[in-house]
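Residue strings, one per chain:
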Amino acid sequence: NLSAKLNVAVCTSSQQLGKQADVIMICVSADKDVLEMVSAVADTVSPGAVVIDTSTVSNETAKEAAAILSKKQAAFLDAPVSGGVEGAKNASLAMMVGGNKEALDSVRPVLGAISSRIVHMGETGSGQTTKAVNQIMAAGINQAVTEALAFGQVQGLAMDKVIEAVSGGAAGNWFLKHRGAGMTNGLFEPGFKLSLHHKDLIICQHMAQHTKASIDLAAKTVSDYKRLMDQGFGDEDISALYRLKLK
């Protein structure tokens, strides 16, 4: 099996993991899952251990997780990532980290196995707040790219040439480069699942309410994603927004 091939130990419970590991990484889908995992690990975690959460959750959840672990003298880093499937495969993810800088410095060699850019953002929760910025920006880019390419397609342009030309100019971006050809050919393999971005943007909306920040484009994207999810496209890549632009 894989554990034997890689010569690594396998833990059968979160409590066993907490007892055996000095550095623990978590990546789950929802806030409640993060707190459930952190609470389980905290039962047996050793003082001085570092727990790193790469999930996308709210900054308040990050602070709550840190508080749970601080009672056991263990550190918590909220360290969400960006870069898509490509970044994960190539170990080139961008990581935005909140929490104690000394704890981060101690685990940089571990994080370097998946990330080529690790930025300490500040206190606990600031990593997740930075990821919210990323997700709001990604929503806007998705809206702009899908709308523009749909416009080009209905104009009868050769879309492979459009993507080639535009990618080299001021409007070029990661999403256009990595998702443009797929969406214009009706292919929406994830990537990043639309339903997960929908979840992230709702988190962003809740965070924005506390500061009365305006994120209208994110709100439109939440609504558009909901339409697509209701049509059964929630497990497709976020570029499936293209489906709405062609109508």
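In case you missed it, the structure is sitting above this.
What comes next concerns the included structure.

Definitions and limits used
Residues numbered from 1 in each chain as written. Predicted model: local features only at pLDDT ≥ 70, side-chain atom pairs only at ≥ 80, totals over all residues. Heavy atoms only, no water. Phe/Tyr/Trp six-rings, centres within 6.5 Å; stacked < 30°, edge-to-face > 60°. Lys NZ or Arg CZ within 6 Å of the ring centre and 35° of its normal. Axes fitted to C-alpha atoms, helices over the stretch in contact; angles between N-to-C directions. Helix = DSSP H or I, 4+ residues; strand = E, 2+ residues; numbered from the N terminus. Parallel < 35°, antiparallel > 145°, perpendicular 65-115°, else oblique. Left-handed = near helix turned anticlockwise from the far one by under 90°. Contact = heavy atoms within 4.5 Å. Core = buried A, V, L, I, M, F, W, Y, C linked by side-chain atoms within 4.5 Å. Buried < 20%, exposed > 50% of the residue type's maximum accessible area, 1.4 Å probe, protein only.

### What to know about the packing of aromatic side chains
Under the defined criterion, the tally for this structure stands at zero aromatic pairs. Stacked on the ring of Phe233, the Lys or Arg Arg243 has its end atom at 4.0 Å from the ring centre.

### Details of the packing of helix 7 (residues 126-154) against helix 8 (residues 159-167)
Running from amino to carboxyl end, helix 7 crosses helix 8 at an angle of 135°, the nearest separation of the two axes being 10 Å. Looking at the two axes, helix 7 sits oblique to helix 8. Between helix 7 and helix 8 the crossing geometry is right-handed. Here helix 7 contributes Leu149, Gly152 and Gln153 to the contact with helix 8, which in turn contributes Met159, Val162 and Ile163.

### With respect to the nonpolar core
With 29 residues, the main nonpolar core has Val145, Leu149, Met183, Leu201, Leu228 and Tyr242 as its most contacted residues. Every element with two or more residues in this core is listed here: helix 7, helix 8, helix 9 (174-184), helix 10 (194-211), helix 11 (216-230) and helix 12 (242-245). Val45, Ala65, Ala74 and Phe76 belong to the second-largest nonpolar core, a separate cluster that totals 18 residues.

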